[in-house]
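# Chain and residue survey
So the chains spell out like this:
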Amino acid sequence: MTTTLFYQQEMISLFSLIFSISLLSVLVAGCSSPQTETVEKVTIEEEPFGTLDDGRKVSLFTLTNAKDMEVEITNYGGIVTAINTPDKDGNIDNVVLGFETLDKYLEGTPYFGAIVGRYGNRIEDGTFTIDGTEYKLATNDGDNHLHGGEEGFDKKLWDADMQDDGSLRLTYLSEDGEEVYPGNLEVEVVYSLTNDNELKIEYEATTDKATPVNLTNHSYFNLSSQPDSTILDHNLMINADQYTPVNDELIPTGELAEVEGTPFNFTSPHEIGARINEVEGGYDHNWVLNRSEGDSLFHAATLFHKESGREMKVFTEEPGIQFYSGNFLDGSLEGPEGTSYIQHAALCLETQHFPNSPNEPEFPSTIIEPGETYKTTTVYQFSTR
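Reading the values: rules and limits
- Residues numbered from 1 in each chain as written.
- Predicted model: local features only at pLDDT ≥ 70, side-chain atom pairs only at ≥ 80, totals over all residues.
- Heavy atoms only, no water.
- Core = buried A, V, L, I, M, F, W, Y, C linked by side-chain atoms within 4.5 Å.
- Buried < 20%, exposed > 50% of the residue type's maximum accessible area, 1.4 Å probe, protein only.
- Helix = DSSP H or I, 4+ residues; strand = E, 2+ residues; numbered from the N terminus.
- Pairing = 2+ DSSP bridges.
- Axes fitted to C-alpha atoms, helices over the stretch in contact; angles between N-to-C directions.
- Lys, Arg positive; Asp, Glu negative; His and termini not counted.
- Salt bridge = Lys/Arg side-chain N within 4 Å of Asp/Glu carboxyl O.
- Polar contact = N/O pair within 3.5 Å; in protein donor to acceptor, adjacent residues only side chain to side chain.
- Phe/Tyr/Trp six-rings, centres within 6.5 Å; stacked < 30°, edge-to-face > 60°.

## Focus on the nonpolar core
Within the largest apolar cluster, 59 residues are counted, with the highest numbers of intra-cluster contacts made by I83, Y191, W287 and F323. In terms of residues, this core owes the most to one element, strand β13 (residues 185–193), which gives 5 residues. Judged by nonpolar contacts, the second largest core, of 20 residues, contains V58, L60, F99 and L157.

## Observations concerning the sheet that holds strand β2 (residues 57–64)
Read across the sheet, 5 strands follow the order β1-β2-β3-β4-β5 without closing on themselves; strand pairing throughout is antiparallel. In this open sheet, the two strands that pair with only one neighbour each are β1 (43–51) and β5 (92–94). The sheet shows a mean angle of 20° between the axes of neighbouring strands, taken without regard to direction. As paired strands, strand β3 (residues 70–74) and strand β4 (residues 79–86) are joined by 5 bridges and run antiparallel to one another. Counterpart to T74 in the pairing with β4 is I79.

## Focus: the sheet that holds strand β24 (residues 320–324)
Strand order across the open sheet formed by 5 strands is β19-β18-β21-β24-β25, with antiparallel pairing between neighbours. One side of each edge strand has no neighbouring strand; the edge strands of this open sheet are β19 (257–258) and β25 (348–352).

## As for the side chain of R310
Looking at the element boundaries, R310 is found in strand β23 (residues 310–316). One buried charge, R310, has no salt-bridge partner; the nearest side chain with opposite charge is D93, at 4.0 Å. Here the side chain of R310 touches T85 through a polar contact of 3.1 Å, landing on its backbone oxygen.

## Quick notes on the packing of aromatic side chains
Centre-to-centre distance and the angle between the planes together describe a pair of aromatic rings. One pass over the structure, following the stated rule, counts 26 aromatic pairs. Taking the centre distance of 5.6 Å and the plane angle of 85° together, the rings of F112 and Y341 count as edge-to-face. Remark: Y341 occurs in the loop between β24 and β25 and F112 occurs in the loop between α2 (102–106) and β6 (115–116); sequence separation between them is 229 residues. Y341 gets classed as buried once you look at its relative accessible area, which sits at 3%. Ring centres of F264 and Y283 lie 5.9 Å apart, and the angle between their planes is 85°; this geometry places the pair in the edge-to-face category. Note that F264 is positioned in the loop between β19 and β20 (270–271) and Y283 in the loop between β20 and β21 (284–288), a separation of 19 residues in sequence.

## A few points about the pairing of β21
Buried residues dominate β21, accounting for 5 of its 5 residues. Where burial is concerned, the two faces of β21 agree: the one with D284, N286 and V288 and the one with H285 and W287 are both buried. One ladder, built from 5 bridges, connects β21 with β24; its direction is antiparallel. Bridge pairing in β24 places H285 opposite F323.

In short, geometric facts, not functional conclusions.
As structure tokens, then:
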């Protein structure tokens, strides 16, 4: 009996020793192993940006990622006022045209950085018909309707909410009859900046009457960050074998033409200035992207500036992209430090449905019905090489 008790006590002591050693090993390993890497969040900050004539306050929001890239956005027009991103030497500068004060935007701009809608681009004669009812819109571009009319979404004060993930959510109710468009259109646009230097723009809209919707962002890019230069030395690739030819008022003829053998061929990277003189007035055309039905984000275009090393890729769920080479900039507008925005000082790559689609039944439809949700995403991805 005594022997048995002694044996049991020895076994208990042995198990206690083994447990203690095991626990110590775990603690030591925990102390010496690498700590789990913390993923830095994108931050968002708000500051005053001015006051509208009716007393409403306007804000400026700055999104900053872990790589010190910054995107500045105001809830007036959903305008991207600045995109500060590094060049190949690490110098961070602004690569879009814009202003530093609200007053400059209120004086009028060619849609710098704005959300355009209810219908981005042109509608011929400002007229379309839905279910037998004809709608006559403002003709604010010669005889045609452009970018939502006299007071489109670019001139509206959007409600703004800063999200926990560092994104900016903008909402706006476009009431039935605004700019003559039918239906109460509830619109949401979310701007997000990722730690991969991507500016993501997510659009969503619903309506209580059938209405055309074609939303896009109208940022003017110059990757050199020197807007007193031009974008003619930038190289551009557009992943499109076809484009939509236009008449002398920049309205599509309805044809889908092949780019091969024309100055519209950007299927491989090409310097913009090399053939721009072959295009009357410069580039202001829609390209038909080579995306297939069901494609999600499609690599639509790549812009590259050799001297700075900056590259921008555009991904979208839209069927088209409008390349506008800043033809109507004439030096009359001045940016920070008195820089004149001269002709071709920047370019736009507007992801979209095709211009004048409400009047072209063969084009992808831009009409949304009650119960449907308009939803599309575009990403501008910045890097260097």
